[in-house]
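Coordinate inspection notes
Here's the letter readout for the chains.
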Amino acid sequence: MIDGVALGARFSLATNRLAFCGPADAEPSLYAAITGTGPGGPARSALARFEALMPYLETIGRVHGRDPFDPEVVEAYWIGNALLDAVPRSAFVALIETLGGRGLPRSIVRRLIDRLPAEAIPHHLFHVAYVGVGAVTGHVETTLANMEACRPAWAEILRTESDRLVVRHPRLTTTAGALALGPEVEESVAYDRRVLPETPAGDFVALHWRWPALLLTAHQLQQLRRYSGRALTAANEALAASRPDPWAALTPPNGGD
C-alpha cells in the first residue's frame, strides 16, 4: 500500500492548487511526497494544516489506536475500508465539534449534531454530502457540480491522449429529493505522468476535483463503490427530514466544466 502521507497528498493536491484548502505553500511538498522526489515530513506538516482533513484522520486513528497518517487510516477516509465500521457516534459528534474550531460555523455544528444519522461514517463523500462541500473553509460554493467534483469518484480509463485521460464515470445527481449516482458520462481530464506513470485502458482511477489522483486496485474500487453508497444513504436519511427537497436549490452539473 502507498505510504499514508503520499496517499493523502494525492487526494489533497488538487484542492490545494485551487486554493480551496490547506496552506498556500503546500503544493511543492505534496508533489514531492507523491513523486518520491522529497521527504514526507514537510508534506505531513502541510496536510496537518488542512482545515477539514485532519479531524477525520485523527478521529479514525484515535478509535483504532493508529497514527493519523497510517496508510489504512488515510485510505479509510478517501476510499473506504473496514476501519470506518467501528467509529462510534460519540466520536463523530466530537469530530463535528472539532470542525467547529477549524472554521465550520457554530450554527451548522449544532444542526449537524442534532441530525447526525446512526450510520454516519467518516468518509470524504459523507463529509461532502452531509457537512457540506466548502462548509468549513467557506471557499467553495455548495452546488451539485462542486459536490460531484469534490467526492472521490471512480472512473474507468477509456484511452490516453497525450497529457489527458478520457474516462467514464457515474455522475452525482438528485432523484426524488435524494442524492444518487446517475448515468455514466464520458469526459477528458488532465493528468500527470509522474503521478500516474501507467494508465491502461480498462483500469480505474480515483478522481478528486477532476484530477486523477490514484490508480485503483480491484479491491479499492470495490471499497470505494461500497462506502460511497453507504455515505450517500446516511446523508440522505439525515437531510431528508430537513425539508421536502433538501437539494432543490442546488445548481446541476453542466457537462463537467
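Residues numbered from 1 in each chain as written. Predicted model: local features only at pLDDT ≥ 70, side-chain atom pairs only at ≥ 80, totals over all residues. Heavy atoms only, no water.

A short note on the pairing of strand S5 (residues 211-216)
Selection rule: Each residue is assigned to one of three classes by its accessible area relative to the maximum for its type, calculated with a 1.4 Å probe on protein chains only: buried under 20%, partly exposed between the two thresholds, exposed over 50%. Numbering of helices and strands starts at the N terminus; helices are DSSP runs of H or I of at least 4 residues and strands are runs of E of at least 2. One bridge is not enough; two strands pair if DSSP finds at least two bridges between them.
Burial runs high along S5: 5 of the 6 residues are buried. By the bridge criterion, 5 bridges tie strand S4 (residues 204-208) to S5 in an arrangement that is antiparallel. Its bridge partner being in S5, His208 is matched across the sheet by Trp211. From the end of S4 to the start of S5, which pair antiparallel, there are 2 residues, and Trp209 there has a positive phi angle of about 55°.

Re the packing of helix H8 (residues 124-132) against helix H10 (residues 218-239)
Describing two packed helices takes the angle between their axes plus the distance from one axis to the other. As a reminder, the rule being used: Here an angle of 0 to 180 degrees is reported between the N-to-C directions of two axes, which are lines fitted to C-alpha atoms, with helices fitted over the stretch in contact. Under this scheme an angle from 65 to 115 degrees is roughly perpendicular, one under 35 degrees roughly parallel, and one over 145 degrees roughly antiparallel; angles in between are oblique. Here is the rule for handedness: rotate from the far helix to the near one, and if that takes an anticlockwise turn smaller than a right angle the crossing is left-handed, while a clockwise turn gives right-handed. In what follows, residue pairs with any heavy atoms lying within 4.5 Å of each other are defined as contacts. When residues are sorted by character, Ala, Val, Leu, Ile, Met, Phe, Trp, Tyr, Cys and Pro go into the nonpolar class, Asp, Glu, Lys and Arg into the charged class, and all the rest, Gly among them, into the polar class.
The contact between H8 and H10 brings their axes to 8 Å, and the two run at 20°. If you check the angle between H8 and H10, you find them roughly parallel. The two elements H8 and H10 meet at a crossing, and its hand is right-handed. Of H10, the residues touching H8 (which contributes Leu125, Phe126, Ala129 and Tyr130) are Ser228, Ala231, Leu232, Ala234, Ala235, Ala238 and Leu239. Looking at side-chain class alone, the contact of H8 with H10 contains 10 nonpolar, 1 polar and no charged residues.

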